[in-house]
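For reference, the chains in residue letters:
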Amino acid sequence: PFRRYQIQPVWRADRPQKGRYREFTQCDADVVGSLSLVNEVELANIYHEVFVQLGIKNYELRINSRKILTALSELCGGADKMIDITIAIDKLDKIGLVKVKEELQQRGLNEKQIKTIESYLNISGSNEQNLAAVKTLIGSIASGKEGIAEVEFVFQQAKNTNLIIDLTLARGLNYYTGIIFEAKAPEEVKMGSIGGGGRYDDLTGLFGVPNIPGVGISFGVDRIYDVLEE
């Protein structure tokens, strides 16, 4: 596999909210050309080492798998619902469950499907409890079984890091195919996300270069600076 990292200015296309900059500095670390989940474990450790060295010891590293969300979509009547479901779920911490349910309704999901998504979003407890509950709900669907196994592997191998299995983590970008990460600032700082990433096994195919799997993470340098100032 080919590893790389870079630090450079990047630009945001949407209207930035409070604490989000139009132009900001981002540090990326990627591994390309390998399907091994050992890469995800290594990236979790990179987050851990960086944040500990910066003195942000009680950061949170939230993790989920897009395959689990695919299985949830299949449970709700079809993979074509995936984008609608993930976009709505991605707003959960901003708008709350009631509004997410309203949005799902507007996006054409019926009562029964919304109930299924609600029972998924209500899964809570320890990492182990989350895994057990999601196995019960979607473990019989092939993509779900695969996603749960991935999350379980990374969780078991990266127990030295501040890993939290967060089934509500969706990340709005649709090129993610497997494990997704979101690094969050310590609760008391009220800064939210300070990094994120995930696996993108088909992304290069969009640019005419198929069969190059990859996984990568990024650090939001400006926001990390803000956290340190706080």
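Calculation rules
- Residues numbered from 1 in each chain as written.
- Predicted model: local features only at pLDDT ≥ 70, side-chain atom pairs only at ≥ 80, totals over all residues.
- Heavy atoms only, no water.
- Pairing = 2+ DSSP bridges.
- Helix = DSSP H or I, 4+ residues; strand = E, 2+ residues; numbered from the N terminus.
- Axes fitted to C-alpha atoms, helices over the stretch in contact; angles between N-to-C directions.
- Contact = heavy atoms within 4.5 Å.
- Buried < 20%, exposed > 50% of the residue type's maximum accessible area, 1.4 Å probe, protein only.
- Arc of directions from axis to C-beta.
- Phe/Tyr/Trp six-rings, centres within 6.5 Å; stacked < 30°, edge-to-face > 60°.
- Polar contact = N/O pair within 3.5 Å; in protein donor to acceptor, adjacent residues only side chain to side chain.
- Salt bridge = Lys/Arg side-chain N within 4 Å of Asp/Glu carboxyl O.
- pLDDT = per-residue confidence, 0-100.
- Left-handed = near helix turned anticlockwise from the far one by under 90°.
- Nonpolar A, V, L, I, M, F, W, Y, C, P; charged D, E, K, R; others polar.

Student: Just checking my understanding: could you explain the sheet that holds strand 1 (residues 2-11) for this structure?
Tutor: In space, the 7 strands of this open sheet follow the order 1-2-7-6-5-3-4, with mixed pairing throughout. Strands at the two margins of the open sheet, each flanked by one partner only, are strand 1 and strand 4 (163-165). Between one strand axis and the next, the sheet turns by 20° as a mean value, whatever way the strands run. In terms of strand pairing, strand 3 (residues 60-65) meets strand 5 (residues 179-184) through 6 bridges, oriented antiparallel. The residue bridging Glu60 from the neighbouring strand is Lys184, located in strand 5. Across the face of the sheet, helix 1 (residues 38-53) comes into contact with strand 1, strand 2 (23-32), strand 3, strand 4, strand 5, strand 6 (193-199) and strand 7 (214-220) while running at roughly 15° to strand 7.

Student: So what exactly am I meant to see when it comes to the pairing of strand 2 here?
Tutor: Of all the 10 residues making up strand 2, 7 are buried; the element is thus mostly covered by neighbouring parts of the structure. The pairing of strand 2 with strand 7 spans 7 bridges and is antiparallel. Bridging across to strand 7, Val32 finds its partner in Gly214.

Student: How do you make sense of helix 3 (residues 82-89) when you look at a structure like this?
Tutor: Since the α-helix advances by 3.6 residues per turn, residues separated by three or four positions end up pointing in the same direction. Within helix 3 the residues assigned to the buried category are Met82, Ile85, Thr86, Ala88 and Ile89. Taken down its axis, helix 3 places every buried residue within 165° of arc, on the same side.

Student: Could you clarify how one ought to interpret the packing of aromatic side chains in this entry?
Tutor: Centre distance and the angle of the planes are the two values used to describe a pair of aromatic rings. For the structure on display, the rule yields 7 aromatic pairs. The interplanar angle of 5° and the centroid separation of 5.7 Å between the aromatic rings of Tyr47 and Phe51 together place this pair among those described as stacked. With Tyr47 and Phe51 both in helix 1 and 4 residues apart, this pair spans about one turn of that helix. The buried category is assigned to Tyr47, whose relative accessible area is 0%. When its relative accessible area of 0% is taken as the criterion, Phe51 is described as buried.

Student: How should I be thinking about the side chain of Gln26 in this particular structure?
Tutor: Structurally, Gln26 can be placed in strand 2. Side-chain polar atoms of Gln26 contact the side chain of Asp28, separated by 2.9 Å. Other than its neighbours up to four places away in sequence, Gln26 contacts Gln6, Ile7, Gln8, Val10, Ser218, Phe219 and Val221.

Student: For this particular structure, what's the right way to read the pattern of salt bridges?
Tutor: When the charged atoms of two side chains lie near each other, side chains of opposite charge can form a pair. Under the criterion given, the structure shown has 15 salt bridges. Glu40 serves as the salt-bridge partner of Arg199, at 2.6 Å between the closest nitrogen and oxygen. With Arg199 in strand 6 and Glu40 in helix 1, the pair connects residues that are 159 residues apart, well separated along the chain. Given a relative accessible area of 0%, Glu40 falls into the buried group. Across the pair Glu60 and Arg62 runs a salt bridge, and its minimum N-O distance is 2.8 Å. Of the two residues, Glu60 and Arg62, neither departs from the other in class, the shared state being buried.

Student: Looking at this model, I keep getting lost on the confidence of the model for the protein chain. Mind explaining?
Tutor: When pLDDT is low, close inspection of the predicted coordinates is not appropriate. Summary statistics for the protein chain give a mean pLDDT of 92 and a share of 97% for residues scoring 70 or more. Of all the helices and strands in the protein chain, helix 3 carries the lowest mean pLDDT, 90, while helix 1 carries the highest, 98.

Student: Looking at this structure, how should I read the environment of Phe153?
Tutor: Along the chain, Phe153 falls in helix 7 (residues 142-157). C-alpha of Phe153 to C-alpha of Ile194: the two residues are 41 residues apart in sequence and 24 Å apart in space. Setting aside chain neighbours within four positions, we find Phe153 in contact with Leu37, Val38 and Val41.

Student: Looking at this model, I keep getting lost on the packing of helix 2 (residues 66-75) against helix 6 (residues 127-138). Mind explaining?
Tutor: Any two packed helices are characterised by the angle at which their axes cross and by the distance between the axes. Where helix 2 meets helix 6, the closest approach of the two axes is 10 Å, and the angle between their N-to-C directions is 40°. The crossing of helix 2 and helix 6 is left-handed. Mapping the contact onto sequence places Ile68, Ala71, Leu72 and Leu75 in helix 2 and Val134, Leu137 and Ile138 in helix 6. A per-class count over the contact of helix 2 with helix 6 returns 7 nonpolar, no polar and no charged.

Student: Mind showing me how you'd approach the pairing of strand 7 here?
Tutor: The side chains of a regular strand alternate between both faces of the sheet. Burial of strand 7 is extensive: 7 of the 7 residues sit out of reach of the surface. Residues Gly214, Gly216, Ser218 and Gly220 line one face of strand 7 and the alternating positions Val215, Ile217 and Phe219 line the opposite face, and both faces are buried. Pairing between strand 6 and strand 7: 5 bridges, direction antiparallel. Among the inter-strand pairings, Gly198 is bridged to a residue of strand 7, identified as Gly216.

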